[in-house]
Structures are given as C-alpha cells and as structure tokens.
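Overview (structure and organization)
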Amino acid sequence: MTTNELFFILLRAAVWNEPPQLPCVPGPEEWRIIYNMSKAHAVQGILFDVIKDLPAAAGVPRQLAAEWMVEADGVERDYAAKNALTLEQEKFWKNNGIEAVLLKGVSVARFYPVPEHRVMGDIDWWMPGRGNWRKALELVRAGGHGENVKRDSDGDCNYTSGGIAVELHRKGMRAEGAVGMLVMLNEHILHHVMTSGIGMRHLCDMALAYRYYCGSYDAKEYLNCLKKYGLSKWNGLLNATLKRILAVPDDMLPGAAGSVRAADTDRLIDLIMEDGDMGFGRRHRFGGFFNRFGLFMRYAPWLFVKRWTGLAIGRITFTIFAD
C-alpha cells in the first residue's frame with residue numbers, strides 16, 4: 001500500500017471522527033512521509049487527533065509523535081490568536097456600520113470534531129456593496145486598525161494586524177445561510193486549484209460542511225445557485241473527488257457525479273497532491289499547467305477560465321521581465 005493511500009485512510013478517520021483501519025503497519029520512514037504530507041496539506045492538527053489514539057502496535061515513532069504534538073499545540077495557539085482577532089474585527093466593523101461577511105476561517109473550523117485543530121489561514125472578510133467596501137478601506141487606511149496596507153492585483157485590500165494577515169475582498173457571491181457557505185466553499189476550491197494551488201485542508205472543509213448542513217438546507221436551491229454561477233460541471237468533478245478521497249456518502253453530495261470521467265478525477269487528485277496547501281508543495285512555478293488547463297476548459301465556467309488564463313499570462317510575463 002502506498003503512503004498516499006495510508007494518508008487518505010488517516011484523513012478519512014479524522015474527518016469522520018472514527019478509528020482508522022490500517023491494513024498494514026507503516027514503517028518509521030513511511031510515518032515520517034505521512035507526517036510531512038500532513039504539514040504540506042495543512043491537516044497536521046486534525047491528523048494528530050487520530051495519531052494520538054493509535055496503539056503502540058501501529059508503529060508511530062516516539063520522537064515523531066512528540067513532534068506531531070508540538071505541531072498540534074502550535075495550531076491551537078494560532079487558532080486562539082486568530083479567533084480573538086476575528087471577534088475583535090467583527091465588533092469593529094459593526095460599530096462602524098459596515099456589513100462584513102467572514103469567509104472561511106473560524107466559521108469553517110466549527111465543522112470539525114476539534115475546531116482548534118483546523119489549521120487557520122488569513123482572516124478573510126467580504127464587504128458587499130461598493131460604498132461598504134470603500135468605507136472599510138478608508139478606515140483601514142486611516143491607521144490604528146492594521147499595518148502594511150496594500151492592494152493586490154484583484155483590487156482587494158491586504159494588511160496585517162498584530163502580525164496576522166487580513167484580507168478585505170470586494171467581490172463575493174450573494175447567498176445566505178447554509179447554501180451561501182456551501183457555494184462559497186465550492187467556488188473557493190475551484191479558484192485555488194486554478195491559481196495558487198490547494199491542499200487536502202480545503203477538501204476536508206467541503207466534506208465537513210456537507211455533513212454539518214446535511215438535511216438542513218434545500219438541495220435544489222443549492223444546485224440552482226451553482227447553475228447560476230456556472231459551477232454545475234465543476235461540482236460533479238468535486239463530488240467525485242470527495243467520494244474517492246474522503247468517502248463522502250452520496251446522500252451528502254447534491255448533484256450527480258456520474259458524467260465525470262475517472263481519468264479527470266485522477267488528474268485533479270494528482271494536482272491536489274502535487275500542490276499542497278496554497279501551492280507550497282509545487283516543485284515548479286507552473287507545475288501541472290497542462291493538466292490544469294485541460295480540466296478547467298472542460299469543467300470550469302468560462303469566466304473562471306478567462307480569468308485564470310489572464311493570471312497565467314500575467315505571471316509568465318512578469319517572470320520573463322523579472323529575469
């Protein structure tokens with residue numbers, strides 16, 4: 001059995017909060033590879049919850065188990081700091097009359113068996129409406145709320161607060177409640193696979209969101225929303241991937257995956273495994289370019305393909321002139 005397959009077994013156990021059924025005893029080198037994979041895919045915290053309960057016969061080296069515990073402790077401390085800042089900022093926006101929607105982060109961590117062990121990224125806010133966005137930007141630029149305020153190529157605002165990265169987004173999808181969260185996570189995975197790269201953390205987010213909201217939302221409304229944004233085909237590919245890697249049951253996955261070719265699911269899994277979280281695992285700047293291009297010409301909305309092509313051309317041009 002490959003280390004990838006062992007990694008997936010442990011990941012499924014972490015997502016479904018069940019003891020893993022390991023078909024063999026990994027050796028010390030295999031455990032080290034799995035540990036490194038967990039860090040590359042930003043799931044070291046949730047896998048620790050599985051590893052710590054394994055019997056000695058599972059063969060996890062003592063030194064490695066200690067390193068894993070230190071990693072999990074770091075994830076907990078990072079979560080506490082970002083949770084505190086999120087609550088502080090939420091109050092700040094409200095006191096200044098700004099509508100702000102939290103994207104991912106703490107709002108997604110609650111789906112996990114141990115929320116504190118979900119690795120946190122930046123704190124992302126979406127400010128719906130141009131006037132709302134401008135008011136938020138003016139407040140941030142006025143000082144006292146953050147440092148190193150910058151605008152990126154999408155026109156979004158990036159800054160740090162107490163060393164924690166914060167992003168204010170101008171664009172978002174207007175949908176409420178469970179449907180809004182599921183559409184946002186669905187689209188977010190597509191965006192990252194097409195651009196900066198994505199790891200298993202984001203797939204775990206999607207699987208656990210489906211479990212969390214199962215039976216509490218209108219699946220037809222969700223599928224109509226995906227169709228509105230041109231995400232229906234992509235949803236099929238994502239569902240097939242969630243079934244293959246994380247064994248998400250069919251009754252939790254709105255939308256058929258029957259029209260998806262197995263070879264395309266294989267390609268997407270290969271891309272995810274090569275990318276790692278936010279593309280940090282890529283060996284080359286444009287790793288997987290042709291697989292990415294072929295997949296998303298087939299499954300992504302045209303607006304996404306157009307935007308991705310523009311970003312790719314821009315990065316290639318920048319690289320040529322930078323050299």
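Rules used throughout
Each chain has its residues counted from 1, running along the sequence as written. Only residues with pLDDT of at least 70 are given local features in this predicted model, and only at 80 or more are side-chain atom pairs given and counted; all residues enter the totals for whole chains, interfaces and linings. Excluding hydrogens and water, the side-chain figures rest on all heavy atoms present in the structure. Stacked, edge-to-face and tilted labels apply to pairs of Phe, Tyr and Trp rings (six-membered ring for Trp) whose centres lie within 6.5 Å, assigned for plane angles under 30 degrees, over 60, and everything in between, in that order. When accessible area is computed with a 1.4 Å probe and restricted to protein chains, residues below 20% of their type maximum are described as buried, those above 50% as exposed, and intermediate ones as partly exposed. For every residue, the predictor assigns a confidence score, pLDDT, that lies between 0 and 100. Residue contacts are counted whenever heavy atoms from the two residues lie within 4.5 Å of one another. Each patch is built from residues lacking any salt bridge and having more than 30% relative accessible area; the joining distance is 9 Å for like charges and 5 Å for nonpolar side chains (Val, Leu, Ile, Met, Phe, Trp, Tyr). Shrake-Rupley sampling with a 1.4 Å probe provides the accessible areas, and residues are treated as covered by the protein chains on show and by no other component. Just to be clear on terms, a salt bridge is a Lys or Arg side-chain nitrogen sitting within 4 Å of an Asp or Glu carboxyl oxygen. Just so you know, the count uses Lys and Arg for positive and Asp and Glu for negative, and it drops His and the chain ends. In plain terms, the charge of a residue is placed at NZ if it is Lys, CZ if Arg, CG if Asp and CD if Glu. Numbered from the N terminus, helices here are DSSP runs of H or I no shorter than four residues, and strands are runs of E no shorter than two. Polar contacts, as counted here, are pairs of nitrogen or oxygen atoms within 3.5 Å of one another; within protein the pair requires one atom able to donate a hydrogen and one able to accept it, and residues that are adjacent in sequence qualify only if both atoms are side-chain atoms. We treat two strands as partners when DSSP finds at least two bridges between them. The convention used is that axes are lines fitted to C-alpha atoms, helices contributing only their stretch in contact, and that angles between N-to-C directions extend from 0 to 180 degrees. Helices are assigned an expected span. That span is 1.5 Å times one less than the residue count.

Before going further, it helps to spend a moment on the packing of aromatic side chains. If you walk through the whole model with that rule in mind, you get nine aromatic pairs. Arranged with centres 5.3 Å apart and planes meeting at 70°, the rings of F92 and W93 form a pair that is edge-to-face. The exposure class assigned to F92 is partly exposed, which follows from its relative accessible area of 24%. When its relative accessible area of 1% is taken as the criterion, W93 is described as buried. Taking 6.0 Å as the distance between ring centres and 85° as the angle between the ring planes, the aromatic pair formed by Y217 and Y222 counts as edge-to-face. Each of the two residues, Y217 as well as Y222, counts as buried. Among the aromatic side chains, those forming a connected cluster through ring pairs are F92, W93 and W125.

This part covers the confidence of the model for the protein. Here the protein averages 86 in pLDDT, while 85% of its residues score no lower than 70. Below a pLDDT of 50 lies the segment residues 313–323, which in the model reaches five contacts outside its immediate sequence neighbourhood of four places, other chains included.

Let's shift gears to a positive patch on the surface. The grouping of R130, R134, R141, R151, R170 and K171 at the surface amounts to a positive patch. The greatest single-element share of the positive patch, amounting to three residues, is contributed by helix α6 (residues 130–141). Summarising the element assignment, R134 is placed in helix α6. With relative accessibility at 49%, the residue R134 sits in the partly exposed group.

Tracing the backbone shows K82 in helix α4 (residues 62–95). On the basis of relative accessible area, K82 is assigned to the buried category, the value being 11%. A polar contact of 3.4 Å, which involves the side chain of K82, links it to the backbone oxygen of M120. Reaching out from K82, the side chain makes a polar contact with the backbone oxygen of G121 at a distance of 3.0 Å. Ignoring any residue separated from it by four or fewer positions in sequence, one finds K82 in contact with M120, G121, I123 and I164.

Attention now goes to unusual backbone geometry. The general pattern is negative phi for most residues beyond glycine and trans for most peptide bonds. Positive phi values are uncommon outside glycine, yet A42 reaches one of about 55°. Here A42 lies in the loop between α2 (28–40) and α3 (44–51). Note on A42: relative accessible area 7%, which makes it buried. In this model, K104 sits at a positive phi of 65°, which is unusual for a non-glycine residue. Counting through the fold element by element, K104 comes out in the loop between β1 (101–103) and α5 (106–109).

Burial along strand β2 (residues 123–126) is two-sided: I123 and W125 and D124 and W126, pointing in opposite directions, are all buried. Here three bridges tie β1 to β2, and the two strands are oriented antiparallel to one another. Bridge assignment links L103 to a residue of β2, and that residue is D124. Sheet analysis places β2 next to strand β5 (residues 164–169), joined by four bridges and oriented parallel. When the bridges of β5 are listed, W126 appears paired with H169.

Taken together, the five strands give an open sheet; going across it, the order is β1-β2-β5-β4-β3, and neighbouring strands pair in mixed fashion. The two strands at the open ends of the sheet, each matched to only one other strand, are β1 and β3 (147–151). Each strand of the sheet is rotated relative to its neighbour by a mean of 25°, with strand direction disregarded. Sitting on the sheet, α4 touches β1, β2, β4 (157–161) and β5, and the angle it makes with β2 is about 25°.

Turning our eyes to something else, we now look at helix α8 (residues 200–213). In this model α8 runs 20 Å from its N-terminal to its C-terminal C-alpha over 14 residues, within 8% of the 20 Å that 1.5 Å per residue would give. The buried count for α8 comes to twelve of 14 residues, which makes it a mostly enclosed element. Taken together, the buried positions of α8 are occupied by M200, R201, H202, L203, C204, D205, M206, A207, L208, A209, Y210 and Y213. G215 sits one or two positions beyond α8 and adopts a positive phi of about 85°.

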